[in-house]
Amino acid sequence: MIEKNWMARSASFFTGDPTRLAKDGAVAVIGLGRFGGSLAKELASHGVDVIGIDIAEAVVAEFADRLAHVSRGDATDEVVLRQLGIDEVSRVVIAIGSDLEASILVASRILKLGNRHIWAKAISEPHAEILHQLGIPNVISPENDMGRRLAHLIRGHISDFLPIDEDFVLARTTPPVRIADVPLASTGLRGKYDVTVVAFKRRGGSRWDIADRDVTLYADDEILIAGSPHHVEVFSELDKDTEG
Ligand code: ATP
């Protein structure tokens with residue numbers, strides 16, 4: 001068995017014992033670039049202990065006093081991962097993108113360690129495919145997802161767009177006039193438009209409520225709809241032909 005002699009290694013900065021943090025439910029973020037770094041900071045700002053690992057000294061220095069523990073190390077090295085207690089962590093995010101070889105190697109090491117929840121960032125479709133094939137359960141493609149999202153926002157009728165899966169999304173929009181002023185159940189919108197209104201917010205209100213079948217929506221409400229990207233887009237543009 002490999003001894004967890006992490007203090008003897010070249011970990012540049014640390015505040016807490018990573019092996020203890022690992023056992024206590026910390027999240028490991030491997031690669032503290034723009035994506036991994038903002039993820040790590042966001043988690044930390046919500047009180048989550050984060051063990052950050054990056055190969056670049058300057059990056060590690062930047063995060064030294066922001067995360068529960070930051071180490072400089074090559075995460076493709078299984079010994080380094082074990083010394084930092086990453087084998088004990090249940091949630092790991094591999095946020096290395098442009099160095100494809102490093103991303104794949106780290107992914108295979110992490111899979112070998114048997115962590116329960118693993119996310120890995122991909123920067124291209126082939127990259128995502130390789131990570132899926134390796135067995136990474138959650139492959140995220142931030143650039144791709146953001147591009148898709150922005151395409152819907154730019155078209156103008158959707159103010160927020162969250163892809164849940166390839167063919168299922170949540171979108172924030174306003175009710176088309178043809179479903180406004182009558183109870184939702186009488187609009188037949190599921191049958192006609194293949195979308196579901198999940199929640200609504202009244203104009204000037206600050207609270208979202210679940211949209212049950214008896215609720216009446218008004219044109220100046222905001223609504224959250226679920227469906228395929230195509231159906232959501234078609235539904236949110238229903239009033240377009242009546243606009244000046
Ligand atoms: P971002 O857009 O999030 O900045 P990127 O895909 O452009 O990411 P990458 O070059 O993939 O950037 O690296 C993200 C971070 O991962 C960098 O800070 C880099 O130093 C770190 N990194 C790269 N390889 C390794 C490795 N083998 N071990 C640990 N950290 C690494």
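It should be noted that the structure appears before, not after, this text.
Cut-off values and rules
- Residues numbered from 1 in each chain as written.
- Predicted model: local features only at pLDDT ≥ 70, side-chain atom pairs only at ≥ 80, totals over all residues.
- Heavy atoms only, no water.
- Core = buried A, V, L, I, M, F, W, Y, C linked by side-chain atoms within 4.5 Å.
- Buried < 20%, exposed > 50% of the residue type's maximum accessible area, 1.4 Å probe, protein only.
- Helix = DSSP H or I, 4+ residues; strand = E, 2+ residues; numbered from the N terminus.
- Contact = heavy atoms within 4.5 Å.
- Near = heavy atom within 4 Å.
- Polar contact = N/O pair within 3.5 Å; in protein donor to acceptor, adjacent residues only side chain to side chain.
- Areas by Shrake-Rupley, 256 points an atom, 1.4 Å probe, with all protein chains shown as cover.
- Nonpolar A, V, L, I, M, F, W, Y, C, P; charged D, E, K, R; others polar.

Draft legend 1. Molecular detail of the nonpolar core. With 29 residues, the main nonpolar core has Ile30, Leu81, Ile86, Val92, Ile94, Ile110 and Ile136 as its most contacted residues. Elements supplying a minimum of two residues to this core: helix H1 (18-23), strand E2 (27-30), strand E3 (50-54), helix H4 (78-83), strand E5 (91-94), helix H5 (100-113), strand E6 (117-121) and helix H6 (125-134). Leu81 has contacts with Ile30, Ile53, Ala75, Ile86, Asp87, Arg109, Ile110 and Leu113, leaving out every residue within four places of it along the chain. If you look at the next biggest cluster of nonpolar residues, it comprises 19 residues, including Ile158, Val195, Val197 and Leu217.

Draft legend 2. Spotlight on the site of the ligand. By nearness alone, 20 residues border the ligand, and Arg34, Phe35, Asp54, Gly97 and Ser98 come closest of all. A distance of 3.0 Å separates a nitrogen atom of the ligand from a polar atom in the backbone of Ala75. Within the contact set of the ligand, an oxygen atom lies 3.1 Å away from a side-chain nitrogen or oxygen of Lys121. About the coverage of the ligand: the protein hides 84% of its 620 Å² of free accessible area. Tallied by class, residues from the shell around the ligand come to nine nonpolar, six polar and five charged.

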